[in-house]
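Spelled out from the first residue to the last, the chains are:
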Amino acid sequence: MSLGEFFIILLIVNIIFLSATWLLNKKKRDSNIDFVSQGFSLIVLTWSAIFINFLFNDTDIKLRQWLITILVTIWGLKLTLDILSKKEQKKDLNSGNLSLDLYLKKVPRRVIFQMLIISPVISVNFLPGPSGLNFLDFMGVLIFSTGLLYEIYSNKELTYFKSKSTNEQKIFIEGLWSFSRHPNSLGKLIQWWSLYIIALSAVFGYWSIYGPIIYTFYLSSYVNSQESKLKIKYKGYLNYSKVTNKLFPEILFLMQLFLPQRFLTSVFGYLTNSKNKILKSFLIKLFCFIYKPDLTEAELSNPQEYSSFNHLFTRRLKPNSRAFKSAAKVIISPVDGEITDFGNLSKGKLIQAKKYKYDIYELLDEKQTTKIFDKGSFISIYLAPKNYHRIHFPYGGKISKTKHIPGSLLSVNKRSQISIPSLYTKNERAWVSVTSEGFSYLVVCVGAFMVGSIVPFWASDISKKTTQLISSWNNGPSKELNSVDKAQELGFFQMGSTIILIFSNEFKLNNNFLSANKSVKFGETMVEI
């Protein structure tokens with residue numbers, strides 16, 4: 001039997017099945033029949049392919065054929081259950097006109113579409129390839145399982161969210177739905193592409209790639225049509241669509257999850273601290289070419305005068321290069337950077353990237369301190385690689401507590417802030433609490449990918465090991481160093497990161513000098529008290 005004959009027999013089976021379900025739907029006036037046929041017809045096609053092969057070819061059915069048949073059966077049953085659960089679609093179809101014109105418009109289109117997307121199934125059943133299963137088959141099963149779990153979990157998250165009456169007009173932007181707007185559809189797509197991975201083991205199986213490609217375009221088109229409705233239905237959906245991808249999560253974020261962050265950070269730290277003239281000159285020139293840091297205010301204005309890349313990165317400013325109001329009751333910026341978020345805490349929650357809420361207790365990991373600040377206010381400042389990287393106290397006072405909290409080393413750049421919910425509570429961080437006249441404040445230093453360490457001023461030996469720096473943060477400064485002045489150096493980052501200023505409950509945040517995405521410099525006025 002030729003490939004053309006095999007295809008035509010399957011085509012006839014599909015036409016008969018879809019026509020029969022159409023007629024049954026017309027007779028019973030039960031839209032469930034039409035819905036069931038969408039997923040179930042793919043199951044019928046796949047099992048028919050095995051049966052035709054068994055009937056017309058004098059060969060045994062191979063494991064690969066059984067494997068792809070079982071996977072399509074799972075996929076089809078899941079699709080059927082998902083469609084049946086969408087009550088509002090059922091309602092629309094109940095009132096539909098099941099005329100001959102509609103049959104000629106709808107059924108042939110569905111027949112052609114399904115025959116095209118099952119190309120991997122046709123490929124495996126026509127020329128299944130070697131006996132037994134190989135690496136590609138196992139990879140296909142692994143990818144299919146990943147896609148299925150991704151779909152199930154995302155649907156579970158959404159169902160739980162919608163089960164609460166208070167969320168009726170709200171958009172779910174947490175969990176997997178924070179990485180892309182349609183993770184359940186992405187799960188379906190991953191499963192279908194896994195069939196192609198299995199089909200690659202069939203003879204000339206690579207030609208069947210057009211099936212998954214067509215399904216990808218179809219799913220993308222379907223998602224677009226749903227997006228148009230969602231933007232009308234939900235007030236905040238347009239903003240949600242601006243900060244998330246439609247189907248695929250941010251690739252850089254996914255890469256970060258699987259990268260050996262600490263190993264790469266250690267390697268980077270070794271290279272950037274190297275005093276080898278060739279290496280340090282290369283790194284410094286490359287950095288200056290890409291980021292063009294302003295060195296006019298630095299103690300050393302010539303890049304080649306620095307003994308290592310890190311020496312340049314943690315550069316000091318010339319004395320008195322930054323004027324600030326030392327006597328006035330104003331909070332100054334503790335760093336050079338960009339304000340990303342600011343405002344009042346609501347129910348102990350801070351805001352990240354104007355869309356994610358994260359808990360102050362999760363950020364601080366300390367109950368007593370949390371109580372002082374959980375109804376306060378905050379300002380988040382991002383330090384880009386080109387910025388001056390030393391941190392200063394924004395106001396005078398006395399240090400009451402310091403702490404280091406272990407965590408990941410995910411990037412904290414703008415794209416990561418938008419893509420990763422509760423980013424700051426995931427990353428390694430250290431904070432210092434300062435008691436001032438009439439209020440208290442926190443400076444939270446958030447680590448990041450390639451941040452070698454966060455070095456406090458009381459850790460005099462900057463070559464200390466990480467464990468020693470952690471101890472320095474947890475033990476705090478000695479009593480004679482507890483009192484601090486406005487603009488006094490607190491410490492420094494050994495790569496770009498974020499500072500979060502949090503003010504105590506009694507502090508009233510005056511935002512006359514604050515605006516999102518505003519660039520600030522250490523020493524300039526941020527808040528009037």
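Source: prediction; values computed, not measured.

Moving on to the overall build of the chain. A count of helices and strands for the chain gives 19 helices and 15 strands. On C-alpha atoms alone, the chain measures out to a radius of gyration of 30 Å, which is more than a quarter above the 24 Å that the 2.2 N^0.38 rule sets for 529 residues. By principal-axis analysis of the C-alpha atoms, the chain measures approximately 90 × 55 × 35 Å. In the structure as shown, the chain presents an accessible area of about 26,000 Å², 61% of it carried by carbon and sulfur atoms. Averaging the positions of the 63 positive and the 37 negative side-chain charges in the chain gives two centres separated by 3 Å.

With 5 of its 5 residues buried, strand E12 (residues 489-493) lies for the most part within the structure. Examined bridge by bridge, strand E6 (residues 390-392) and E12 share 3 bridges and lie antiparallel to one another. Within the sheet, the bridge partner assigned to Ile391 lies in E12 and is Gly491. Where strand E10 (residues 454-456) lies against E12, 3 bridges are found, and the strand directions are antiparallel. Note on E12: the bridge partner recorded for Val455 is Phe492.

Looking now at the sheet that holds strand E2 (residues 337-344). Hydrogen bonding along the main chain pairs the strands of a sheet, whether they run parallel or antiparallel. Reading across from one edge, E11-E7-E8-E9-E13-E5-E2-E14 is the order of the 8 strands in this open sheet, with antiparallel pairing throughout. Each edge of the open sheet carries a strand with a single partner, namely strand E11 (483-484) and strand E14 (519-520). Here E2 pairs with strand E5 (residues 377-383) via 6 bridges, running antiparallel. Directly across from Ile339, in E5, lies its bridge partner Ile381. Helix H19 (residues 466-475) contacts strand E7 (397-405), strand E8 (429-436) and strand E9 (439-446) of the sheet and is inclined by roughly 140 degrees relative to E7.

With that out of the way, let us pick up the packing of aromatic side chains. Going through the model one piece at a time under the given rule, you end up with 26 aromatic pairs. Aromatic pair Phe287 and Tyr291: ring centres 5.1 Å apart, planes at 40 degrees, arrangement tilted. Here Phe287 pairs with Tyr291, and both are found in helix H13 (residues 277-291), just 4 residues apart, close to one helical turn. By relative accessible area, which is 36% here, Tyr291 ends up partly exposed. Aromatic rings pair up to connect Trp75, Phe113, Trp192, Tyr215 and Tyr218 into one cluster. Looking at Lys292, its charged tip hangs above the ring of Phe289, at a distance of 5.3 Å from the centre.

Judged by nonpolar contacts, the single largest core of 34 residues is most densely connected at Leu10, Trp75, Ile118, Trp192 and Tyr215. Of all the secondary structure elements, the ones that give two or more residues to this core are helix H1 (3-28), helix H2 (31-56), helix H3 (63-84), helix H5 (100-117), helix H6 (119-126), helix H7 (135-162), helix H8 (183-199) and helix H9 (210-233). Counting residues per element, this core draws most heavily on H3, which supplies 7 residues. Once residues lying within four places of it in the same chain are set aside, the contact partners of Ile118 are Leu42, Leu45 and Trp192. Residues Tyr395, Val484, Phe493 and Val527 belong to the second largest nonpolar core, which totals 32 residues.

Moving on, we get to a nonpolar patch on the surface. The grouping of Leu127, Leu200, Val203, Phe204 and Tyr206 at the surface amounts to a nonpolar patch, some 460 Å² of accessible area in total. As for its placement among the helices and strands, Phe204 is situated in the loop between H8 and H9. Looking at Phe204, the relative accessible area reads 53%, which means it is exposed.

This paragraph deals with the sheet that holds E10. A sheet is described by the order of its strands in space; here 3 strands give the open sequence E6-E12-E10, paired in antiparallel fashion. Since the sheet does not close on itself, it has two edges, and those belong to E6 and E10, each with one partner. Averaged over all pairs of adjacent strands, the angle between strand axes in this sheet comes to 25 degrees, irrespective of strand direction.

Side-chain pairing between opposite charges can occur once the charged atoms of the two side chains come close. On inspection of all chains with the given rule, the structure shows 13 salt bridges. Between Lys188 and Asp82 there is a salt bridge, with its nearest N and O atoms 2.9 Å apart. On the criterion of sequence distance, the pair formed by Lys188 in helix H8 and Asp82 in helix H3 is long-range, its members being 106 residues apart. One salt-bridge network, in which partners are shared between bridges, spans Lys78, Asp82, Glu151 and Lys188.

Quick notes on the rules
- Residues numbered from 1 in each chain as written.
- Predicted model: local features only at pLDDT ≥ 70, side-chain atom pairs only at ≥ 80, totals over all residues.
- Heavy atoms only, no water.
- Helix = DSSP H or I, 4+ residues; strand = E, 2+ residues; numbered from the N terminus.
- Rg over C-alpha atoms; globule rule 2.2 N^0.38 Å.
- Areas by Shrake-Rupley, 256 points an atom, 1.4 Å probe, with all protein chains shown as cover.
- Lys, Arg positive; Asp, Glu negative; His and termini not counted.
- Charge placed at Lys NZ, Arg CZ, Asp CG, Glu CD.
- Buried < 20%, exposed > 50% of the residue type's maximum accessible area, 1.4 Å probe, protein only.
- Pairing = 2+ DSSP bridges.
- Contact = heavy atoms within 4.5 Å.
- Axes fitted to C-alpha atoms, helices over the stretch in contact; angles between N-to-C directions.
- Phe/Tyr/Trp six-rings, centres within 6.5 Å; stacked < 30°, edge-to-face > 60°.
- Lys NZ or Arg CZ within 6 Å of the ring centre and 35° of its normal.
- Core = buried A, V, L, I, M, F, W, Y, C linked by side-chain atoms within 4.5 Å.
- Patch = residues over 30% accessible without salt bridge, like charges linked within 9 Å, V, L, I, M, F, W, Y side chains within 5 Å.
- Salt bridge = Lys/Arg side-chain N within 4 Å of Asp/Glu carboxyl O.

In short, shape yes, function no, at least from these values alone.
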